[in-house]
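Single-letter residue listing:
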Amino acid sequence: MLTPGMGAVSTTFMAGVELVRRGESVPVGSLTQLGTIRLGKRTEGRVPKIKDFVPLAKLDDLVFGGWDVFPDDAYQAAVKAGVLESKDLDKVQKFLKSIKPMKAAFDQTYVKNLQGTHVKKGKTKYDLAEQIRQDIRDFKKKNKLDRLVMVWCASTEVFLKPEAVHQDLVSFEKAMKANHPAIAPSMLYAWAAISEGVPFANGAPNLTVDIPALEEFAKSKNVPIGGKDFKTGQTLMKTVLAPAFKARMLGLNGWFSTNILGNRDGEVLDDPGSFKTKEESKLGALEYILQPSIYPDLYKKIHHKVRINYYPPRGDNKEGWDNIDIFGWLGYPMQIKVDFLCRDSILAAPIVLDLALFFDLAQRAGMRGIQEWLSFYFKSPMCARELYPEHDLFIQSMKLKNTLRWIKGEDLITHLGAEYYD
Ligand SMILES: NC(=O)c1ccc[n+]([C@@H]2O[C@H](COP(=O)([O-])OP(=O)(O)OC[C@H]3O[C@@H](n4cnc5c(N)ncnc54)[C@H](O)[C@@H]3O)[C@@H](O)[C@H]2O)c1
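Residues numbered from 1 in each chain as written. Predicted model: local features only at pLDDT ≥ 70, side-chain atom pairs only at ≥ 80, totals over all residues. Heavy atoms only, no water.

**Thoughts on the pairing of strand β10 (residues 333-341)**
Note on strand geometry: in a regular strand, side chains alternate between the two faces of the sheet.
Thought 1: Pairing geometry for strand β9 (residues 319-327) and β10, over nine bridges, is antiparallel. Along β10, the bridge assignment pairs Gly320 with Phe340.
Thought 2: The turn joining β9 and β10, which pair antiparallel and follow one another in sequence, is formed by five residues; a positive phi near 65 degrees is taken by Leu330. (Pairing = 2+ DSSP bridges. Helix = DSSP H or I, 4+ residues; strand = E, 2+ residues; numbered from the N terminus.)

Listed below in structure tokens is the structure:
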């Protein structure tokens, strides 16, 4: 289980898995560990746990590794991140200390508010990517592993748009060799992972693997890929509430979302370039869910604003406020306020685990390229070019579970249910 980035999310994930393995905690928030799946008719009473239904890797078999621009081991990084309390960290101190980051492929041009010292040297971006490939091979050999998965848990990079060099693999590799500015460090990790046959999931909103060149490459190497941006707090709520308004044909005038957070992620997002990447990711959901062109009376004039404010005293304990202006019968206005006092990495850690296990499963099930069925976990889900992304959390959840049924040759569940009344 390889994570570029060993910061708050990644170390909270590693510590949590180890505490669960030792029986010290329950994997709350993890569908792969706690979720069940209904099979067949409602009268059959077949509801196995997902982990007993599909052959997921066992937590005991996971080995962790990562890269970071700081040399801190996972224990030091977790202490600095300040997410977990010492009563939890102390129990897994030795374990976390044994996870030391490999040197990062990093360039401050892409993450303005970070100054890294623990970084690789190379003449070209291609050289750096080849070094990541070597790291992957060494990690696999040293730990005697059968399979690997990579989940990007590193900082959000500046906003990049797809360009000509992203359109096909030949141009992409040429651009890596020419140090083209459109090739961000995250793309080097993704390219290296795919080259080594390792599934790659992107937990940040960076463009990274969401480009035709890497999609084509992933397909040709039978590697599952996906992203972008873990769907954890505010967007999770948005993709629950907006489908409810639409289902009831309630109108929406505006949605103002603001956040205060004080972790390193917040500091990185204080840079306008990185914020722009996050903003695009957070803004997409409403348009796709509400479909203003199909429902102009309800959704044609939505004022949607997203703000993120770096406010150090809060640390990882983000506060996300939403003011939602809706309207009902005869256009009468109403308001909903949501104040989510969440913990960013506590929400993200189980997603990292689920993604790792499901991406590994996908590869063994012969699935390759974009894994749209895992949109459930992402704020900006990747999908086939001719499609629009599905953001509604409940459609995503049905799609995920139906995909598991399909993998195992079980009947898909349509929720029709007419047979119960024949
Ligand atoms: N926690 C959440 O709820 C949540 C939700 C969605 C997305 N994310 C994203 O997940 C990512 C991780 O979040 P976090 O809170 O752990 O942030 P963090 O700042 O604590 O950790 C990120 C780490 O990545 C390292 N890094 C940066 N560039 C790197 C590179 N090129 N190679 C290797 N390491 C690199 C940084 O040094 C840092 O230690 C961020 O991009 C964040 O936007 C988090």
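**Focus on the packing of aromatic side chains**
Thought 1: Evaluation of the coordinates by the stated rule reveals 12 aromatic pairs.
Thought 2: Measuring from ring centre to ring centre gives 5.4 Å for Tyr126 and Trp191, while their planes differ by 55 degrees; the resulting arrangement is tilted. Within this pair, whereas Tyr126 is found in helix α7 (residues 125-142), its partner Trp191 is found in helix α9 (residues 185-195), the two being separated by 65 residues in sequence. Here Tyr126 and Trp191 have matching classes, each one buried.
Thought 3: Between Phe376 and Tyr377 the ring centres are 5.0 Å apart and the planes differ by 80 degrees, which places this aromatic pair in the edge-to-face class. Summarising the burial analysis for this pair, Phe376 and Tyr377 share the class buried.
Thought 4: Counting every residue linked through ring pairs, the aromatic cluster contains Phe358, Trp373, Phe376 and Tyr377.
Thought 5: The ring of Tyr126 carries the charged tip of Lys177 above its face, separated from the ring centre by 4.5 Å. (Phe/Tyr/Trp six-rings, centres within 6.5 Å; stacked < 30°, edge-to-face > 60°. Buried < 20%, exposed > 50% of the residue type's maximum accessible area, 1.4 Å probe, protein only. Lys NZ or Arg CZ within 6 Å of the ring centre and 35° of its normal.)

**Describing the environment of Glu419**
Thought 1: For Glu419, the position within the fold is in the segment after α16 (393-407).
Thought 2: Each C-alpha atom, one on Glu419 and one on Lys41, is 9.3 Å from the other, the two residues being 378 residues apart in sequence.

**Side note on unusual backbone geometry**
Thought 1: In this structure, the amide linkage connecting Gly227 to the following residue, Lys228, adopts the cis form with an omega of -5 degrees.
Thought 2: Relative to the elements of secondary structure, Lys228 occurs in the loop between β6 (224-226) and α11 (234-247).
Thought 3: The backbone of Asp229 sits at a positive phi, close to 75 degrees, despite the residue not being glycine.
Thought 4: Within the fold, Asp229 resides in the loop between β6 and α11.
Thought 5: Overall, Asp229 belongs to the buried group, its relative accessible area being 1%.
Thought 6: Unlike most non-glycine residues, Met249 shows phi in positive territory, near 55 degrees.
Thought 7: Considering the arrangement of structural elements, one finds Met249 in the loop between α11 and β7 (251-261).
Thought 8: Met249 sits in the partly exposed class, given a relative accessible area of 39%.

**Some details on the site of the ligand**
Thought 1: The immediate surroundings of the ligand are formed by 31 residues, with Val9, Asp68, Ala154, Tyr189 and Arg264 found nearest.
Thought 2: Ala8 places a main-chain nitrogen or oxygen 2.9 Å from an oxygen atom of the ligand.
Thought 3: A distance of 2.9 Å separates an oxygen atom of the ligand from a polar atom in the side chain of Thr232.
Thought 4: For the ligand, whose unbound accessible area comes to 840 Å², protein coverage reaches 98%. (Near = heavy atom within 4 Å. Polar contact = N/O pair within 3.5 Å; in protein donor to acceptor, adjacent residues only side chain to side chain. Areas by Shrake-Rupley, 256 points an atom, 1.4 Å probe, with all protein chains shown as cover.)

**Some details on the nonpolar core**
Thought 1: By size, the foremost hydrophobic cluster in this structure holds 57 residues, and its most contacted members are Phe358, Tyr377 and Leu404.
Thought 2: Looking at this core element by element, the count peaks at 12 residues for helix α15 (residues 344-364).
Thought 3: Ignoring sequence-local partners within four residues, the contact set of Tyr377 consists of Leu31, Asp229, Phe230, Lys231, Ile351, Asp354, Leu355, Phe358 and Leu400.
Thought 4: The next biggest cluster of nonpolar side chains, apart from the first, holds 53 residues, and it includes Ile132, Val158, Met187 and Ala218. (Core = buried A, V, L, I, M, F, W, Y, C linked by side-chain atoms within 4.5 Å. Contact = heavy atoms within 4.5 Å.)

**Overview of the environment of Arg147**
Thought 1: Inspection of the secondary structure puts Arg147 in the loop between α7 and β4 (150-152).
Thought 2: Relative accessible area serves as the criterion here: at 37%, Arg147 is assigned to the partly exposed category.
Thought 3: In this structure, Arg147 is in contact with Ala57, Asp360 and Arg364, ignoring residues within four places of it in sequence.
Thought 4: Here Asp360 takes part through its side chain, which lies 2.6 Å from a polar atom of the side chain of Arg147.

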